[in-house]
Amino acid sequence: MKNTLKKKKYYLAILCVVLVASLPAYGAMTKKSKTKSIEQRVDSVLRLMTLEEKIGQMTQLSNPNIPTGPTYISVEKASNVALIREGKLGSILNITGADLTRRMQEVAVNESRIKIPLLFGFDVIHGFKTVFPIPLASACSWDMAAIASAERVAALESSAAGLHWTFAPMVDIARDPRWGRIAEGAGEDPFLGSAIAKARVQGFQGKNLRDDASILACVKHFAAYGNAEAGRDYNTTDMSERLLREIYLPPYKAAIDAGVATVMSSFNEFNGTPASGSKFLLTDILRNEYGFKGFVVSDWNSISEIITHGAAKDKNEATIFAMNANIDMDMQNNCYPKKLKQLVEEGKVTVEQVNKAVRRILRAKFELGLFDNPYKYCDSKKEKSVLLNKENLAKALDVAKRSIVLLKNDNLLPLSKTAKVAIIGPLADAPKEMNGCWAWYGEQSPVTFLSGVRNKIGSSHLIYAKGCNINDATTDSIAYAVSVAKDADVVVLCVGESGDMSGESNSRTSLDLPGVQSLLVKEILKTGKPVVLVMTNGRPITLGSLNDSVPAILETWQLGTRAGDALAEVLFGDYNPSGKLTTTFPITIGQVPIYYNHKNTGRPNIDGKRQGYNSRYIDCGNFPQYPFGFGLSYTKFEYSDFKIDKSSMAKTDKATVSVVVKNTGSYDGEEIVQLYIRDLVAYGVSRPVKELKGFDKITLTKGEQKTVRFQITPEMLAYYDLNLKKIVEPGDFSIMVGCSSADKDLLKLNLTVIE
Ligand code: NOJ
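Only a predicted model underlies this, so the values are computations on that prediction, with no experimental measurement involved.

Trainee: Got a minute to help me understand the site of the ligand in this structure?
Mentor: Looking at the ligand, there are 14 residues lining it, with Thr68, Asp123, Arg181, His221 and Asp299 nearest. Here an oxygen atom of the ligand and a side-chain polar atom of Thr68 are 2.5 Å apart. At 2.7 Å, a side-chain N or O of Arg181 approaches an oxygen atom of the ligand. Partitioning the shell around the ligand into residue classes produces seven nonpolar, two polar and five charged.

Trainee: What is the right way to read the packing of helix H13 (residues 315–325) against helix H14 (residues 336–345) from this model?
Mentor: When two helices pack together, their arrangement is given by the angle between the helix axes and the distance between those axes. Running from amino to carboxyl end, H13 crosses H14 at an angle of 80 degrees, the nearest separation of the two axes being 9 Å. Relative to H14, the element H13 is oriented roughly perpendicular. In this structure, H13 uses Lys315, Asn316, Thr319, Ile320, Ala322 and Met323 to contact H14, whose residues at the interface are Tyr336, Lys339, Leu340 and Leu343. Partitioned by chemical class, the residues of the contact of H13 with H14 number six nonpolar, two polar and two charged.

Trainee: Which parts of the structure should I look at to understand the packing of aromatic side chains?
Mentor: Think of a pair of aromatic rings as described by two things: how far the centres are apart, and how the planes are tilted against each other in angle. With the rule as written, the count across this model stands at 21 aromatic pairs. On the numbers, 5.3 Å between centres and 50 degrees between planes, the contact of Phe122 with Trp440 is tilted. Linking Phe122 in strand E3 (residues 119–122) with Trp440 in the loop between helix H18 (431–434) and helix H19 (449–457), this pair joins segments that are 318 residues apart in sequence. Judged by its relative accessible area of 3%, Phe122 falls in the buried class. For Trp440, a relative accessible area of 39% corresponds to the partly exposed category. Relative to Phe267, the ring of Tyr225 has its centre 6.1 Å away and its plane inclined at 65 degrees; by these criteria the two rings are edge-to-face. Placement of Tyr225 in the loop between strand E5 (218–222) and helix H9 (241–248) and of Phe267 in the loop between strand E6 (262–265) and strand E7 (269–270) is noted, with a sequence separation of 42 residues between them. Each member of the aromatic cluster is reached from another via a ring pair, and the members are Trp142, Phe191, Tyr596, Phe628, Tyr676 and Phe695. The residue whose ring lies beneath Arg175 is Tyr595, and the NZ or CZ to ring-centre distance is 3.5 Å.

Trainee: I would appreciate a short explanation of the domain arrangement of the chain in the present structure.
Mentor: When the parts of a complex come together, some accessible area is lost, and that lost area is often used as the size of the interface. Each assigned domain of the chain is listed with its residue range as follows: domain 1 (395–591) and domain 2 (637–754). Relative to domain 2, the C-alpha centre of domain 1 lies at a distance of 34 Å. Taken together, the contact pairs six residues of domain 1 with nine residues of domain 2. Carbon and sulfur atoms supply 42% of the area that domain 1 and domain 2 bury against each other, a total of about 630 Å² over both sides. The largest per-residue losses of area from domain 1 upon contact with domain 2 belong to Asn576, Ser578 and Lys580, which jointly make up 69% of the total buried on that side. Here Arg402 ties to Glu670 by a salt bridge, and the two come within 2.8 Å at their closest N and O atoms. Counting the contacts that link domain 1 with domain 2 gives six residue pairs in polar contact (both at pLDDT 80 or more).

Trainee: Looking at this model, I keep getting lost on the sheet that holds strand E22 (residues 705–712). Mind explaining?
Mentor: Working definition: the strands of a sheet are paired by backbone hydrogen bonds and lie parallel or antiparallel to each other. Strand order across the open sheet formed by three strands is E17-E19-E22, with antiparallel pairing between neighbours. The open sheet has two free edges, formed respectively by strand E17 (637–644) and E22, since each of these has just one partner strand. Along the sheet, successive strands turn relative to each other by an average axial angle of 20 degrees, direction set aside. Inspection of the sheet shows E17 paired to strand E19 (residues 655–663) by six bridges, in the antiparallel sense. Residue Lys643 lies in a different strand from E19, and its bridge partner there is Ser658.

Trainee: Before we go on, may I ask you to explain the confidence of the model for the chain in this structure?
Mentor: The predicted structure's coordinates, where accompanied by low pLDDT, should not be read in detail. Of all residues in the chain, 94% have pLDDT values of 70 or greater, and the mean over the chain is 94. For the stretch residues 1–33, pLDDT sits under 50, and the model shows 23 contacts to residues farther than four places along the chain or on other chains.

Trainee: What exactly am I supposed to notice about the pairing of E19 here?
Mentor: Both faces of the sheet carry side chains from a regular strand, because those side chains alternate between them. Most of E19 is tucked away: seven of the nine residues are buried. Where E19 meets E22, eight bridges bridge the pair, whose relative direction is antiparallel. In the sheet register, Val657 faces E22, and the bridge partner there is Phe710.

Trainee: Would you take a moment to explain the side chain of Thr556 for this structure?
Mentor: Positionally, Thr556 belongs in the loop between strand E16 (552–555) and helix H23 (563–571). Overall, the relative accessible area of 0% leaves Thr556 in the buried class. A polar contact of 3.5 Å, which involves the side chain of Thr556, links it to the side chain of Thr536. Setting aside chain neighbours within four positions, we find Thr556 in contact with Ile404, Phe449, Val534, Met535, Thr536 and Leu567.

Rules used in this analysis
- Residues numbered from 1 in each chain as written.
- Predicted model: local features only at pLDDT ≥ 70, side-chain atom pairs only at ≥ 80, totals over all residues.
- Heavy atoms only, no water.
- Near = heavy atom within 4 Å.
- Polar contact = N/O pair within 3.5 Å; in protein donor to acceptor, adjacent residues only side chain to side chain.
- Nonpolar A, V, L, I, M, F, W, Y, C, P; charged D, E, K, R; others polar.
- Axes fitted to C-alpha atoms, helices over the stretch in contact; angles between N-to-C directions.
- Helix = DSSP H or I, 4+ residues; strand = E, 2+ residues; numbered from the N terminus.
- Parallel < 35°, antiparallel > 145°, perpendicular 65-115°, else oblique.
- Contact = heavy atoms within 4.5 Å.
- Phe/Tyr/Trp six-rings, centres within 6.5 Å; stacked < 30°, edge-to-face > 60°.
- Buried < 20%, exposed > 50% of the residue type's maximum accessible area, 1.4 Å probe, protein only.
- Lys NZ or Arg CZ within 6 Å of the ring centre and 35° of its normal.
- Domains from an automatic or database assignment.
- Buried area = accessible area lost by both parts, 1.4 Å probe.
- Salt bridge = Lys/Arg side-chain N within 4 Å of Asp/Glu carboxyl O.
- Pairing = 2+ DSSP bridges.
- pLDDT = per-residue confidence, 0-100.

As structure tokens, this is what we get:
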């Protein structure tokens, strides 16, 4: 009798959830009542769940056929299905396809007791099927609309393939190009990195998560993962809280302010504590200080790795650390599913901690609209029409050409379409290498440089030789390449790295061109033919003396599906290159870490010359090969008339600077105007020699000029004082405007801030 009553109550409750979940008036509610309603719905689901089912929601496992990390857990595909049926999985990663995700979702919704829809996650890092330039490349566009549009296409395509959630953007600041994951971020600058973080989140998530084709973004890796010692992936990170706050945290914060739905914790230890067990990072800063309300997923196995770090003796301890830090979902650790129940029963983790995590996860599922329509993204007809469609491919071309940076041009580019062109090099016709890291699900036949140029100028005056492989010692083909070069008017020499030399776990100790590619370049140069060096790489490369010997260099990074078309547009002048570096190119690896916003030191090297007792190497200056913010155009931009509307301002006031930029060359073009500020004296604290505080990308036709204005706000002048409190202090500031971060490219004026 009692049992029957219990059962009745249970079915009544289920009915209520279903009824509430299918409220048709949902969309018409106001924002406030919608939030309230989601909270009520979350609570009503939570009330029905057993502890096991709650832990199930906190568990994410990978499709075992597509692991994106070391696989310690041997789960067969079938057992994933079994786990879904038992309510023991809340999310799956690395599974795609409208049909497959529908089948999995059907199991969750029809066959599990609790009927909670699954979340399907995937690393959609720079496009899904249509591959966009690697993030480091698209960052060089400094074009927030273009960057957001790339992520919108990524969201359109991945949602059409059943996905709800991307593990992007990676916003880790990187100052060390040995670190392979520099390719996945926006470069070295916190201000630009923050703007890009916001654009990417908005691109993925759209205006509203409930909208069709919005996917959850996941800002990663929290925190400071990009500071891996010696550039070796997964290595220790140890830094002052000042450095953390000034340089590493701002882009995560910007993503959170932009409404990012999820955060991923990082692999590294941070100041002695593994980040995935760090209460300081994940609770004190992320939750309490930043007010992040979404859910946190661990990185792949990063909770278990607290044990390997030596900071927990077993999975029980690791789980407690992760739970106390507020990690809500366990990605492929098998810690929560195996240990959490017992820990709750023993009172080592509280039910309230579990409830908190489950609430956050359920909230995201509600916000996406999955309780109303779990098959929202499971439409195979749509999948066919969206993936790689014309519009997406056009966007990929647009972003790719904006990502290219012209590093050098001694009057060689653009090329004439009637010239006899030799395309030479191991990257000239290498489809696989155009995509770079994290694109194994993307289109695998991107337009190569050879086919892009052929599409542009035809094949009658185009010749090709590979010259050598990317990364081995074989020199047999160089002689033939030299003979091909001799037969041409101009050589387009395509060199660089393979796609798998950057990205996760692909750090290098050398930044030189791999294999015998430098030798190939030298031999081709001996022919006396003009050479355009086309670089394909996921990090800055050191070219050594070749920088001086080649007349033109184009940095193309890894441009994705439309790589060859983008290069051809730039080579032949149909698009005037406008990209600027977002990471410093060192002269030699010995200068690393090298970045523009460095400190002055007590003994700065002023003129670049070697003198005793100042901060300089005996065998190399401090200047980089190419500075942050640098990039040329086929036209010329002149900066003049740099003015400020007041020479002194109160610390709560604003000032406006203006500069006239004129296109004095013979091409229409786009320029990225950059604003830097230096706080000349801060009480007791040293400040960087300059910090980017604004930028504006403008278009100028031949002969046209524009006045660019920047408002100087108190926020731009603020710094963390001796107590790490952000303040604006009276004093002198140097305000700089120009075309790169190099002093010689900047106009300067002074601003005095008064009480
Ligand atoms: C490990 C990587 O660090 C992370 O960025 C990625 O999202 C996960 N694996 C899932 O593939």
